[in-house]
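# Notes for the structure review
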Amino acid sequence: MSSEPQSTAGGGQDEGLDRKLLAIASVVVLGAIMSILDTTVVNVAINTLSRDFETDLATIQWVVTGYTLALATVIPITGWAADRFGTKRLYILAIVLFVAGSALCGAAWSSGSLIFFRVLQGLGGGMLMPAGMTILTRAAGPQRVGRVMAIIGVPMLLGPILGPILGGYLVDEVSWRWIFFINLPIGVIALVLALRILPTDEPQEGERFDVLGLALLSPGLALAIYGLAESASKGGFGHGEVLGPMIVGFALIIGFIFHALRTPHALIDLRLFKNRTFAVAAGTLTLMIISVFGAMLLLPLYLQAVRGESAFDSGLLLAPQGIGAMIVMPIAGTLADKTGIARLVIPGLLIIGLSFIGLTTLTGDTSYWTLSAILFAQGVGMGFTMMPLMTGALQTLRRVQVARASTSLNIIQQVGASIGTAVMSVILTV
């Protein structure tokens, strides 16, 4: 994990985080905030939506599931689309789709219309993160990628914590419609800044679209994630509505792997994993996300079911985790550009492991100071781990590989989060 970086983008000289790069980063962060917050902010409104639309929880849960499946469907094509049409055009299209979907969700008149508009919103949201990461990585070059990844990593870790706080406030004090309408001013600002600030890149002509790859990978990811998401409500992995989609989904993914290894321009370039640094970083990132996102499901349940806290107060009590990550990430980003990432990741993983040991000691009357200290430590560990791993994965790649690599890393995050959440859900229901 300590390989010397090759050229990811123009310029191997470290020029620091200049004004132009920080401006580009601010545009990408705005998009990331919208996309990530929207995966968590809706969760606290599910009961309210079920009541207002006079439908059952199983139906209204598709407001969350439909968004997740849309992400899984569109993420695989983002790498190809970034190369074919240019990252700036793709990023602007993603913002437009996301903002339009948000406006329509806020104006929804039935559960069916809300679910449909959430899918539209997810199609935009799924492209925002991989396209944004590609733009940032190419603009930064290998010598600065660690620091810019630390910038975009803050909303990635704060989203699951701030989402319930913001969602709880808007649902209780304003209206559930504003959990969607709040994206409009952010999206308009992001769109204007993207048009003015993002560099225009030349599309790469001539590469044929991998139709078979899309037909295998997108449905495969959607079915696998759907099966994992349904495992909690169906009481485990043995139910037919869980096992069936998962088997078909993973079979399609395996079929894509065999196809991609024999296809020169596959939708996802699996030859990236021949790069040892990329492969090790991606594998470690997968395992970390599985464990951390499982805990992110459990902790709000502990606070609400065991301690009797509201959704809003639960979000506030989880804030130390995000604060720890936010403090450490800029330091980790700078160090990742100057030293081997193993020197950061290994201590970070140890801190995360120790924090999990601390979480196993929680009882119904554990001091909130103790809980805050454990969560702060976990955030520190995540800050030293998550973005340095992504930095290591991208730092040694050539510029032309970055778009496909960013897509691969976002797929890993999406699937890893689904696995972690599903496994924890099943454990809780056993």
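Within each chain, residue numbers correspond to sequence positions counted from 1 in written order. Per-residue local features are limited, in this predicted model, to residues with pLDDT of at least 70; the limit for side-chain atom pairs, both in listing and counting, is 80 or more; totals at the level of whole chains, interfaces and linings are taken over all residues. In computing side-chain properties, one takes all heavy atoms of the structure into account and sets aside hydrogens as well as water.

### Remarks on helix 10 (residues 211-230)
The end-to-end C-alpha distance of helix 10, which contains 20 residues, comes to 28 Å, matching closely the 28 Å that a straight helix rising 1.5 Å per residue would cover. Side-chain atoms alone can form a polar contact between residues adjacent in sequence; in general such a contact is a pair of N or O atoms within 3.5 Å, and within protein one must be able to donate a hydrogen while the other accepts it. Going along the chain from the N terminus, every DSSP run of H or I of four or more residues is numbered as a helix, and every run of E of two or more is numbered as a strand. Near the N-terminus of helix 10, the side chain that reaches the backbone nitrogen of Gly213, with its oxygen 3.0 Å away, is that of Asp210. Residue count minus one, scaled by 1.5 Å, sets the expected span of a helix.

### A look at the side chain of Ser355
By the element assignment, Ser355 lies in helix 14 (residues 342-359). According to the relative accessible area criterion, Ser355 is buried, its value standing at 4%. A polar atom in the side chain of Ser355 sits 3.2 Å from the side chain of Gln378. Between two residues, a contact is recorded if the distance between any of their heavy atoms is within 4.5 Å. Contact partners of Ser355, with chain neighbours within four places excluded, come to Ile374 and Gln378. Think of it in three bands: residues with accessible area under 20% of the maximum for their type are buried, residues over 50% are exposed, and the middle band is partly exposed, with areas taken using a 1.4 Å probe on protein chains only.

### Let's talk about the side chain of Gln378
In this fold, Gln378 is placed in helix 15 (residues 368-383). Owing to a relative accessible area of 1%, Gln378 belongs among the buried residues under this scheme. Contacts of Gln378, omitting those with residues within four sequence positions, involve Gln321, Ile352, Ser355, Phe356 and Leu359.

### A short note on the packing of aromatic side chains
A pair of Phe, Tyr and Trp rings is counted when the ring centres sit within 6.5 Å of each other, with Trp represented by its six-membered ring. The angle between the planes then sorts it: under 30 degrees is stacked, over 60 is edge-to-face, the rest tilted. Considering all chains together, one arrives at six aromatic pairs under this definition. Both rings, one in Trp109 and one in Phe117, keep their centres 5.7 Å apart while their planes meet at 75°; by these two values the pair is edge-to-face. Taken together, a centroid distance of 5.8 Å and an interplanar angle of 65° make the contact between Phe116 and Phe117 edge-to-face. Given the relative accessible area of 57%, Phe116 is considered exposed.

### Description of the packing of helix 4 (residues 62-85) against helix 10
At their nearest, the axes of helix 4 and helix 10 sit 9 Å apart, and the two run at 155° to each other. Relative to helix 10, helix 4 is oriented roughly antiparallel. Classified by chirality, the crossing of helix 10 by helix 4 is right-handed. Listed contacts from helix 10 to Trp62, Thr65, Thr68, Leu69, Ala72, Thr73, Pro76 and Ile77 of helix 4 are Leu214, Leu217, Ser218, Leu221, Ala222, Ile225 and Tyr226. Convention adopted: a line fitted to C-alpha atoms gives each axis, helices being fitted over their contacting stretch, and angles between N-to-C directions are expressed from 0 to 180 degrees. When an angle is under 35 degrees it counts as roughly parallel; over 145 it counts as roughly antiparallel; between 65 and 115 it counts as roughly perpendicular; any other value is oblique. Crossing handedness: left-handed means the near helix sits turned counterclockwise from the far one by under a right angle, and right-handed means the same turn made clockwise.

### Re helix 6 (residues 111-140)
Helix length check: helix 6 (30 residues) gives 43 Å between terminal C-alpha atoms against 44 Å at 1.5 Å per residue, within 8%. By definition, a residue's bend is the angle between the axes fitted to the seven residues ending there and the seven starting there. Leu128 marks where helix 6 bends most, by close to 25°; the proline Pro130 follows one to four residues later. The buried fraction of helix 6 amounts to 24 of the 30 residues, a majority that puts the element mostly inside the structure. One or two residues past the end of helix 6 sits Gly141, with phi positive at roughly 80°.

### Here we look at the pattern of salt bridges
We define a salt bridge as a side-chain nitrogen of Lys or Arg found within 4 Å of a carboxyl oxygen belonging to Asp or Glu. Applying the stated criterion across every chain, the model contains one salt bridge. Put simply, Arg51 and Asp52 hold a salt bridge, and the shortest N to O gap is 3.8 Å. Relative accessible area serves as the criterion here: at 40%, Asp52 is assigned to the partly exposed category.

### Examining the environment of Thr334
Mapping Thr334 onto the fold places it in helix 13 (residues 311-338). A residue is classified by how much of its surface remains accessible, and Thr334, at 27% relative accessible area, is partly exposed. When the C-alpha atoms of Thr334 and Pro388 are compared, they prove to be 9.6 Å apart, with 54 residues separating the residues in sequence.

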